Amino acid sequence: MPGSVSMTKTPARIETHSRPSTPVVRPIPQADSGQYPLIDAIKRGETPEPMRHESVQSVGQILDIRNFELWYGATKALHGITMPIAAGKVTALIGPSGCGKSTLLRSVNRLNDLIDGVRTSGTIALDGKDVYARNVDVITLRKRLGMVFQKPNPFPMSIFENVVYALRIAGERRKSLLQEACEKALRQAALWDEVKDRLKASAMGLSGGQQQRLCIARAIVSEPQVLLLDEPCSALDPIATLRIEELIIEIGRRYTVLIVTHNMQQAARVSDFTAFMYLGRLVEYGRTADIFQLPRLRETEDYVTGRFG
């Protein structure tokens, strides 16, 4: 189909499906055309039942989001989000700006708690335990949920101290263990060979792409159960972006990864599952290959091919 997304990704992670040999060229729907019934319902303020593929229910899950809602003061940002996150897989959140992707991501490790006036309902369960339960230690929770932000944010200290920061905060002082953990994390972040001879140098001297890989190393040094990535390539050049994407694919073999991205090609390349969101609602959720090649909703097909949104 014209405008379809390239699926250049490791074959073992996404199966491709054949499409009709003769593409069907359809006119771009106009506003209120009735061709987007689910999106039209959302625009009316409703929360229609999303399209969840059977594939997302048939895998083991590490996160279980059920009827989760969030308000910033009087403004409701998330509406009835229900979706399981598969363990040991990469799940991408896609959708237009302002659709709630980053808000949902930051809700998983409760970063939204830092914003005045935020309140929530529903549950987000990690290994069956609600992360919003009153007895949850938020600091301990965030150790289990590594986070990497849009722009690289290395600390103004050495490369070594950046990587082992979380371990030091936890009270670890054994030099041999810190050195071993640093090397392991940097190797997993595909950065060891580039920095092994200058671990005492300032992390601020690294390139943007190296800084982002350093931040990933810092996030995984404590071996979290889930790695949360919020637009990790948005501030990087194409070459650095490619390195990060290759890293996400590799890390996705060891960790559960939940990534927010505006880049359709990136979502197609790196993820196993994809969730399409719109105005704080879940629209369609399934295997990435199906979302990009065999979506069940016209809204999803037109969004991922650039005809809507």
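Undergrad: Before we move on, can you summarise the overall build of the protein with the specific residues and values?
TA: From N to C terminus, the protein includes 11 helices and 11 strands. For the protein, with 309 residues in total, the buried portion stands at 52%. Taking as baseline every contact in the protein between residues at least 6 positions apart, the subset at least 24 positions apart corresponds to 73%. When the accessible surface of the protein is summed, it comes to about 14,400 Å², and 51% of that surface belongs to carbon and sulfur atoms.

Undergrad: Tell me about the confidence of the model for the protein, and name the residues and values.
TA: When pLDDT is averaged across the protein, the result is 90; 89% of the residues are at 70 or more. Note that pLDDT drops below 50 for residues 1–32; the model gives that stretch 57 contacts with residues more than four away or on any other chain.

Undergrad: Explain the nonpolar core to me, and be specific about the residues and the numbers.
TA: Among the nonpolar cores identified, the biggest contains 58 residues, and Val163, Leu186, Leu214, Leu227, Ile251 and Val283 are the most heavily contacted of them. The residues contacting Val283, other than those within four sequence positions of it, are Leu38, Ile39, Ile42, Pro50, Met51, Phe276, Met277, Tyr278, Leu297 and Thr300. Leu63, Leu78, Ala275 and Met277 belong to the second largest nonpolar core, which has 34 residues in total.

Undergrad: Now, about unusual backbone geometry: what can you tell me, with residues and values included?
TA: For Asn67, which is not glycine, the phi dihedral falls at a positive 45°. Position of Asn67 relative to the elements: it lies in strand 2 (residues 61–72). The phi dihedral of Arg110 falls on the positive side, at around 65°, and the residue is not glycine. What makes Arg110 buried here is its relative accessible area of 12%.

Undergrad: Describe the pattern of salt bridges, with residues and values.
TA: Throughout the structure, instances matching the rule amount to 19 salt bridges. Between Glu161 and Arg168 there is a salt bridge, and its shortest N-O distance comes to 2.7 Å. Connected via shared salt-bridge partners are Glu194, Arg213 and Arg243.

Undergrad: Which residues make up the side chain of Arg218, and what values do they have?
TA: With respect to the helices, strands and loops of the structure, Arg218 is situated in helix 7 (residues 208–220). For the buried residue Arg218, which engages in no salt bridge, the nearest side chain bearing the opposite charge is Glu161, 11 Å off.

Undergrad: I'd love a proper account of the packing of aromatic side chains, names of residues and values included.
TA: By the definition in use, this model includes six aromatic pairs. Aromatic side chains Phe68 and Tyr132 sit 5.5 Å apart centroid to centroid with 40° between the ring planes, which places their arrangement in the tilted category. A residue pair is termed long-range when its members are at least 10 positions apart, and Phe68 in strand 2 and Tyr132 in the loop between strand 6 (129–130) and helix 3 (138–144) qualify at 64 residues. Each member of the pair, Phe68 as well as Tyr132, is classed as buried. Taking 4.7 Å as the distance between ring centres and 15° as the angle between the ring planes, the aromatic pair formed by Phe276 and Tyr303 counts as stacked.

Undergrad: Break down the pairing of strand 5 (residues 118–126) for me, with residues and values.
TA: Of the pairings in the sheet, the one linking strand 2 to strand 5 comprises eight bridges and is antiparallel in character. In the strand pairing of strand 5, Leu63 is matched with Leu126. Judged from the two bridges that link them, strand 5 and strand 6 form a sheet pairing that is antiparallel. Bridging across to strand 6, Ala125 finds its partner in Asp130. Between the end of strand 5 and the start of strand 6, which pair antiparallel, lie two residues, with Asp127 showing a positive phi angle near 55°.

Undergrad: Give me the side chain of Glu299: which residues, what numbers.
TA: With respect to the element layout, Glu299 can be found in helix 11 (residues 298–304). No salt bridge is formed by the buried Glu299. Its closest oppositely charged neighbour is Arg298, at 7.5 Å. Polar side-chain contacts of Glu299 include one of 2.8 Å to the backbone nitrogen of Leu38. Once you skip the residues sitting within four places of it in the chain, Glu299 turns out to touch Tyr36, Pro37, Leu38, Ile39, Phe276 and Phe308.

Undergrad: Let's hear about the sheet that holds strand 3 (residues 75–86): which residues, and what values?
TA: What the four strands build is an open sheet, ordered 3-2-5-6; its pairing is antiparallel. Here the strands that pair on one side only, and so sit at the sheet edges, are strand 3 and strand 6. Against the sheet, helix 2 (residues 101–108) touches strand 2, strand 3 and strand 5, its axis set at about 115° to strand 2.

Undergrad: Now, about the packing of helix 7 against helix 8 (residues 238–251): what can you tell me, with residues and values included?
TA: Taken N-terminus to C-terminus, the directions of helix 7 and helix 8 make an angle of 20°; their axes are 9 Å apart at the nearest point. Regarding the angle of helix 7 to helix 8, the classification is roughly parallel. Between helix 7 and helix 8 lies a crossing whose hand is right-handed. Contact residues: Gly209, Gln212, Arg213, Ile216 and Ile220 in helix 7; Ala240, Arg243, Ile244, Leu247 and Ile251 in helix 8. Taken together, the residues that form the contact of helix 7 with helix 8 break down as six nonpolar, two polar and two charged.

Criteria and cut-off values
Residues numbered from 1 in each chain as written. Predicted model: local features only at pLDDT ≥ 70, side-chain atom pairs only at ≥ 80, totals over all residues. Heavy atoms only, no water. Helix = DSSP H or I, 4+ residues; strand = E, 2+ residues; numbered from the N terminus. Buried < 20%, exposed > 50% of the residue type's maximum accessible area, 1.4 Å probe, protein only. Contact = heavy atoms within 4.5 Å. Areas by Shrake-Rupley, 256 points an atom, 1.4 Å probe, with all protein chains shown as cover. pLDDT = per-residue confidence, 0-100. Core = buried A, V, L, I, M, F, W, Y, C linked by side-chain atoms within 4.5 Å. Salt bridge = Lys/Arg side-chain N within 4 Å of Asp/Glu carboxyl O. Lys, Arg positive; Asp, Glu negative; His and termini not counted. Phe/Tyr/Trp six-rings, centres within 6.5 Å; stacked < 30°, edge-to-face > 60°. Pairing = 2+ DSSP bridges. Polar contact = N/O pair within 3.5 Å; in protein donor to acceptor, adjacent residues only side chain to side chain. Axes fitted to C-alpha atoms, helices over the stretch in contact; angles between N-to-C directions. Parallel < 35°, antiparallel > 145°, perpendicular 65-115°, else oblique. Left-handed = near helix turned anticlockwise from the far one by under 90°. Nonpolar A, V, L, I, M, F, W, Y, C, P; charged D, E, K, R; others polar.

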